[in-house]
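What follows is the residue order along each chain.
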Amino acid sequence: MTKTQAVIIGGGATGAGILRDLAMRGVKAVLVERRDLAYGTSSRFHGLLHSGGRYVVKDPESASECIAENRILRKIAHQCVEDTEGFFVRLPEDDPAFEQQWLAACRALGLPAAPLAPAEAVRLEPNLTPRIAAAYRVPDAAVDGFRLCWHNAAAAARHGGEVLTYTEAVGIVTDAGKVTGVAVRDLLSGETRTIACDLVINAAGSWVDKVAALAGAEVRVKPDRGTLIAFNHRFASRVINRLRPPADGDIFVPHGSVTILGTTSAAADRPDDTAPRSDEVLKLLRIGEALFENLADYRILRAFAGTRPLYSAAPGAEGRAASRAFAVIDHRAEGVDGLITVVGGKLTTYRLMAEKAADLACERLGVSVPCRTADEPLVADPAPGLLAAAKKHFPAGGAELAAARLGDAFGAVVRRLEDNPADRALICECELVTLGEIKEIAALPTTHGLGDLRRRTRLGMGTCQGAFCGLRGIGALCAAGFADQSADKLLRDFIEERWAGIRPVLWGKQLREQELLRGIYGASLNIDGAMHDEGI
Ligand SMILES: Cc1cc2nc3c(=O)[nH]c(=O)nc-3n(C[C@H](O)[C@H](O)[C@H](O)COP(=O)(O)OP(=O)(O)OC[C@H]3O[C@@H](n4cnc5c(N)ncnc54)[C@H](O)[C@@H]3O)c2cc1C
């Protein structure tokens, strides 16, 4: 049995943030995640680093947390944030009285909202409808959930924090009402063991109630399902919000080379009710066309869905009526000493949630070191000499992209490219991922397949959605020693994962793209069995 001070359950932004916070305060902590980091809602979200404008009227507390954390994350995690800025746009059919209410609320919170002439808004965003009644600029931005989680984990590791992926918490061990450990199952080997600890922090997002129940405790959380669409164009350079009370399909977020539209909001049957549906996609398109009139002409890459862990101390509010604020719950009052749950909030406020949960954990452990997560950067910028050297081996812009996503591992990749010119080969053209980067990530103990590789490098997340880079990525993985898994198994797992998001958008240009992909995979690895059918 291993022993640590704290076990964190859940490897989303909140759990990874807590691991970093505790490790920086000198607390020995282990994070367990049953899949890969950011497997849950922290990657099935809109990617908006909220300015707070979305919540300023209905939920000023959340809005104020958002603007404060937005400013902090730009400072400590600029590698995960693209400073796009955002527009709030009112159309003639939207209530002008709400605009006045919104402006007054922005002023009251100190949220900068600068008016913009409609013609200027269209000049800056030429694909926007010209039917604009009013527009404002706000400090919205785009944020990468995968990168944020992994950079938090790497920052924690520098201070001794440990991450165990594909490790599920299956029991919370107590002795006379006091937590003494967590029973975990390694989902790859099937082995079960217990990690002895003084404290458990439940950061399992929409699954917090299930984790609390492992110790006989209760958390009232309602998973609320939201569906999003990724388009293959970056048809807006800024986040575009519709200026009206929050409703479905109101926000467009530019992300790298794509744009994300969402979201819906509906009570979910279960936390992993995340298969998107065509009717939700069609509904989003219908609403989104008011802001971007040519929306139907853009190719949809995929749809995806996540569940919001909406928390209510008392039963009542659901869906958009429920607060987006967060709560830190001490289960000692319920007779489970040593169990803390943190729930609700936004990805934008993950650091603050982690700080508050870690404050309580430290109080319990008798640790008086203050939180430093708002002051220290997650990842150091590469030394100017290293970046300059790297630029010789990457295509234009590729060195900066790789530095931002690789963080601490960037130097090792640059050395690979310097020493082995063949490793400079581009495996993923959409995201500018080199063979050297793939080899570096494939060698990590946390990489078990192409999905893990994708979440770290973004291979397969651009406009080809893995059609061309998937096969090359598999070649690189096999060459890196993934001999226990055959190439067609690796590919099949990857395609299955991607297919869930493509299936609900199979029409028009995406259908043609999918047929191309089927042809490529069928011919190269006989993945659909066509060669057997034809007796070849
Ligand atoms: C559709 C949608 C759009 C959103 N858009 C935005 C946005 O634009 N901006 C924003 O700021 N916020 C947004 N949010 C909210 C935000 O995504 C979430 O609040 C946030 O990601 C929650 O992070 P988390 O770490 O608390 O939970 P998660 O990311 O869900 O992490 C919980 C983790 O716990 C793991 N887990 C569960 N049970 C166990 C167990 N027994 N053992 C081990 N691991 C376990 C899960 O696998 C999961 O990875 C959106 C949410 C949705 C659903």
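Parameters at a glance
Residues numbered from 1 in each chain as written. Predicted model: local features only at pLDDT ≥ 70, side-chain atom pairs only at ≥ 80, totals over all residues. Heavy atoms only, no water. UniProt positions renumbered as here; feature names shortened; annotations may be inferred. Helix = DSSP H or I, 4+ residues; strand = E, 2+ residues; numbered from the N terminus. Buried < 20%, exposed > 50% of the residue type's maximum accessible area, 1.4 Å probe, protein only. Near = heavy atom within 4 Å. Polar contact = N/O pair within 3.5 Å; in protein donor to acceptor, adjacent residues only side chain to side chain. Areas by Shrake-Rupley, 256 points an atom, 1.4 Å probe, with all protein chains shown as cover. Nonpolar A, V, L, I, M, F, W, Y, C, P; charged D, E, K, R; others polar.

- The name given to the protein in an unreviewed UniProt entry is Anaerobic glycerol-3-phosphate dehydrogenase subunit GlpA, and the organism recorded there is Anaeroselena agilis.
- In UniProt, the protein has this text filed under Cofactor (unreviewed entry): "FAD".
- A UniProt comment under Sequence similarities (unreviewed entry) is attached to the protein, and it reads "Belongs to the FAD-dependent glycerol-3-phosphate dehydrogenase family."

**Here's the deal with unusual backbone geometry**
So, point 1. The omega torsion across G262 and T263 is -5 degrees, close enough to zero to call that bond cis.
So, point 2. A positive phi is found at A38, a non-glycine position, where the angle reads about 65 degrees.
So, point 3. Looking at the secondary structure, you find A38 in the loop between β3 (29–32) and β4 (48–49).
So, point 4. Residue R458 is not a glycine yet carries a positive backbone phi of 75 degrees.
So, point 5. With respect to the helices and strands, the residue R458 is situated in the loop between α13 (450–457) and α14 (469–479).
So, point 6. Taking the relative accessible area as the measure of exposure, R458 reaches 13% and is therefore buried.

**Digging into the site of the ligand**
So, point 1. The local shell around the ligand holds 36 residues, among which T14, E33, S42, L48 and T348 are the closest.
So, point 2. Between an oxygen atom of the ligand and a side-chain N or O atom of R34, the distance comes to 3.0 Å.
So, point 3. The contact in question runs from an oxygen atom of the ligand to an N or O atom on the backbone of T41, over 2.9 Å.
So, point 4. Considered on its own, the ligand offers 1,000 Å² of accessible surface; in the complex 97% of this is hidden by protein.
So, point 5. Its residues assigned to classes, the shell around the ligand comprises 12 nonpolar, 18 polar and 6 charged.

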